[in-house]
Amino acid sequence: MSSTELPSVPPANVLPKVAAVKVAEGEHLRSVHLRGITLAVRSRRPAREGLPPALYVHGLGGSSQNWSALMPLLDDVVDSEAVDLPGFGDSPPPDDGNYSITGHARAVIRHLDAAGRGPVHLFGNSLGGAVATRVAAARPDLVRTLTLVSPALPEIRVQRSAVPTGLLALPGVVSLFTRLSREWTAEQRVRGVTALCYGDPGRVTPEGFRNAVEEMERRLQLPYFWDAMARSARGLVNAYTVGGQHGLWRQAGRVLAPTLLVYGGRDQLVGYRMAQRAARAFRDSRLLTLPDAGHVAMMEYPETVATAFRELLADTGKSTAGDRTGGVVDDEPAHQTTGG
């Protein structure tokens, strides 16, 4: 193995024991064993039986906990589950080491097929937004509506503040970064992530900050943490360069599900200017712009995002259980809802 390659990762059955993952009041965390992957799934009991299912997919470096602020606000309209993508949260690495967008999308599809929960209201943030877009394009039968918060779709002019994240995809960068940051505390790391992802880091509560520090300490003990980060970043960068029918923008145009797009004006990772392009790309879309939000609007402004999703349900008539048909949806002009 050359000095620029990532170290090998031990199989999931011999990984060391680390601290338990944080589970908020009202949440339940379970492991789902599927072919080639094991997924941790966070769920909440719905307010009543028979509500349509929802599935939430987090971004790069995140976990299902990223949806813990939003999920309880929707308990009366959907039956919520949030997945930890392979190698993140409490999910071990995939057996085949595939962290591409297609690999993550395959994991989501396998879970939905095995659980028989489709079609779902599918949510995705950042990397999870790219994954959810691919799922919705490839398997329209599994997606009732699509809600994307700062989706990581290809940009020609990437923001300067997003460059360090992209650099994780380059061979040797992770090894260099881990050496340079060896003395950083978990608290310092969390402050850096918060400053990058939040429009206003002051919106993070003291309890939320403590929980994030505990989670960072837990993740740093995992031998595959940086491997999962680097390979997923590489998968995202590779997806940005793919053209033709497999390109993410082309796939966005094939999504049939009514789509809610959420963009933050202070997002340092996904360009705010991409909001209008996304609204044009998704054929049945509506756009929520939050001028003061950063990259994780569902964590900063969960009430506003929840309200916008409820409006999506009301506008599309998707608030009741039952399968949606897979016919062609007529193009409709996107409209813009502003909030903040």
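A quick note: this is a predicted structure, and the numbers were derived from the prediction, not measured.

Calculation criteria
- Residues numbered from 1 in each chain as written.
- Predicted model: local features only at pLDDT ≥ 70, side-chain atom pairs only at ≥ 80, totals over all residues.
- Heavy atoms only, no water.
- Helix = DSSP H or I, 4+ residues; strand = E, 2+ residues; numbered from the N terminus.
- Buried < 20%, exposed > 50% of the residue type's maximum accessible area, 1.4 Å probe, protein only.
- Contact = heavy atoms within 4.5 Å.
- Areas by Shrake-Rupley, 256 points an atom, 1.4 Å probe, with all protein chains shown as cover.
- Pairing = 2+ DSSP bridges.
- pLDDT = per-residue confidence, 0-100.
- Core = buried A, V, L, I, M, F, W, Y, C linked by side-chain atoms within 4.5 Å.
- Axes fitted to C-alpha atoms, helices over the stretch in contact; angles between N-to-C directions.
- Parallel < 35°, antiparallel > 145°, perpendicular 65-115°, else oblique.
- Left-handed = near helix turned anticlockwise from the far one by under 90°.
- Nonpolar A, V, L, I, M, F, W, Y, C, P; charged D, E, K, R; others polar.
- Salt bridge = Lys/Arg side-chain N within 4 Å of Asp/Glu carboxyl O.
- Expected span 1.5 Å × (residues − 1).

**Here's the deal with the overall build of the chain**
Of regular secondary structure, the chain possesses eleven helices and nine strands. Relative to its full complement of 340 residues, the chain shows a buried share of 52%. In the chain, 77% of the contacts between residues at least 6 apart in sequence involve partners at least 24 apart. With the model as given, the accessible surface of the chain reaches about 15100 Å², and the carbon-plus-sulfur share is 51%.

**Overview of the pairing of strand S7 (residues 259-264)**
When you tally the buried positions in S7, you get six out of six residues, the bulk of the element. Judged by which residues are buried, S7 turns out to be covered on both faces: Thr259, Leu261 and Tyr263 on one side and Leu260, Val262 and Gly264 on the other are all buried. Two elements, strand S6 (residues 143-149) and S7, share four bridges in a ladder whose sense is parallel. Across the sheet, the residue bridging to Leu148 is Leu261, located in S7. Pairing of S7 with strand S8 (residues 285-290) involves six bridges; the strand directions are parallel. The partner of Leu260 across the bridge, within S8, is Arg286.

**Points about the confidence of the model for the chain**
Predicted coordinates in areas of low pLDDT are best not read in detail. The predicted model of the chain has a mean per-residue pLDDT of 84, with 79% of residues at 70 or higher. For residues 1-14, every residue scores under 50 in pLDDT, and the model assigns this stretch 17 contacts once sequence neighbours within four places are set aside. Within the model, the stretch residues 320-340 combines pLDDT values under 50 with 46 contacts to residues more than four positions away or in other chains.

**Some remarks on the nonpolar core**
Looking at soluble globular proteins, one finds that nonpolar side chains tend to be buried together. Grouped together as the largest cluster of nonpolar side chains are 54 residues, with contacts concentrated most on Leu122 and Leu146. At seven residues, the largest contribution of residues to this core is made by helix H2 (residues 127-138). The contacts of Leu122, once residues within four sequence positions are left out, are Leu55, Val57, Ala132, Val135, Val143, Thr145, Leu146 and Thr147. Leu260, Val262, Met298 and Leu312 belong to the second-largest nonpolar core, a separate cluster that totals 29 residues.

**Notes on the packing of helix H1 (residues 101-115) against H2**
In contact at an axis separation of 9 Å, H1 and H2 are set at 65° when each is read in the N-to-C sense. If you check the angle between H1 and H2, you find them roughly perpendicular. Our pair here, H1 against H2, has a crossing hand that is right-handed. Together, Ile101, Thr102, His104, Ala105, Val108 and Ile109 of H1 and Leu127, Ala130, Val131, Arg134 and Val135 of H2 make up the contact between the two elements. Residues that form the contact of H1 with H2 fall into these classes: eight nonpolar, two polar and one charged.

**Here's the deal with the pattern of salt bridges**
Throughout the structure, instances matching the rule amount to 17 salt bridges. Arg310 is the salt-bridge partner of Asp76, the closest N and O atoms lying 2.5 Å from each other. Linking Asp76 in the loop between strand S3 (53-57) and strand S4 (79-84) with Arg310 in helix H11 (residues 302-316), this pair joins segments that are 234 residues apart in sequence. A relative accessible area of 32% means that Asp76 is categorised as partly exposed.

**Quick look at H11**
Spanning 15 residues, H11 covers 21 Å between terminal C-alpha atoms, matching the ideal 21 Å at 1.5 Å per step. Of the residues trailing H11, Gly317 is marked for its positive phi of about 65°.

**Things to note about the environment of Ser31**
Along the chain, the position of Ser31 falls in strand S1 (residues 27-34). When its relative accessible area of 44% is taken as the criterion, Ser31 is described as partly exposed. Here the alpha-carbon distance between Ser31 and Asp84, two residues 53 residues apart in the chain, equals 9.8 Å. For Ser31, the residues in contact, after removing those within four places along its chain, are Thr38 and Leu39.

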